[in-house]
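# Architecture at a glance
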Amino acid sequence: YFRCAVGLGIFELFVLLLLQHLEIQVIVRLHQRRLHRLQPLKNKELAQKVAARTKELTLYSDELSRSNRELEDFAFVASHDLQ
């Protein structure tokens, strides 16, 4: 009887560990599916941020080019006046 009870205890422990392992696997897979579903949204959000930042940088670059032309013109006029 004792030997049977010990064997049953080990079996129950094994089943319990197996169930816990399966539960963890289910949780991990659900989490992976959720991340997979959210990925396109994150990609779209990042693409929008990149586009907005690119637009800002393009405007800033245009402003710097304009400012640089004005400084070159001023330097040319000042140089001509000094000569």
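Preceding this section is the structure that the text describes.
Residues numbered from 1 in each chain as written. Predicted model: local features only at pLDDT ≥ 70, side-chain atom pairs only at ≥ 80, totals over all residues. Heavy atoms only, no water.

### Section: the overall build of the protein
When its secondary structure is counted, the protein shows one helix and zero strands. For the protein, the accessible surface area stands at approximately 8,300 Å², while carbon and sulfur atoms represent 65% of it. (Helix = DSSP H or I, 4+ residues; strand = E, 2+ residues; numbered from the N terminus. Areas by Shrake-Rupley, 256 points an atom, 1.4 Å probe, with all protein chains shown as cover.)

### Considering the pattern of salt bridges
Using the criterion set out here, one finds four salt bridges in the structure. Among the salt bridges present, the one from K49 reaches E45, with a minimum N-O distance of 3.5 Å. A residue pair is termed a helical-turn pair when its members lie 3 or 4 positions apart in one helix, as K49 and E45 do in helix α1 (residues 2–82) at four residues. Under the relative-accessibility criterion, K49 is labelled exposed at 52%. (Salt bridge = Lys/Arg side-chain N within 4 Å of Asp/Glu carboxyl O. Buried < 20%, exposed > 50% of the residue type's maximum accessible area, 1.4 Å probe, protein only.)

### Observations regarding a nonpolar patch on the surface
Residues F11, F14, V15, L18, L19 and L22 make up a contiguous nonpolar surface patch of roughly 570 Å² in combined accessible area. Mapping V15 onto the fold places it in helix α1. For V15, a relative accessible area of 30% gives the class partly exposed. (Patch = residues over 30% accessible without salt bridge, like charges linked within 9 Å, V, L, I, M, F, W, Y side chains within 5 Å.)

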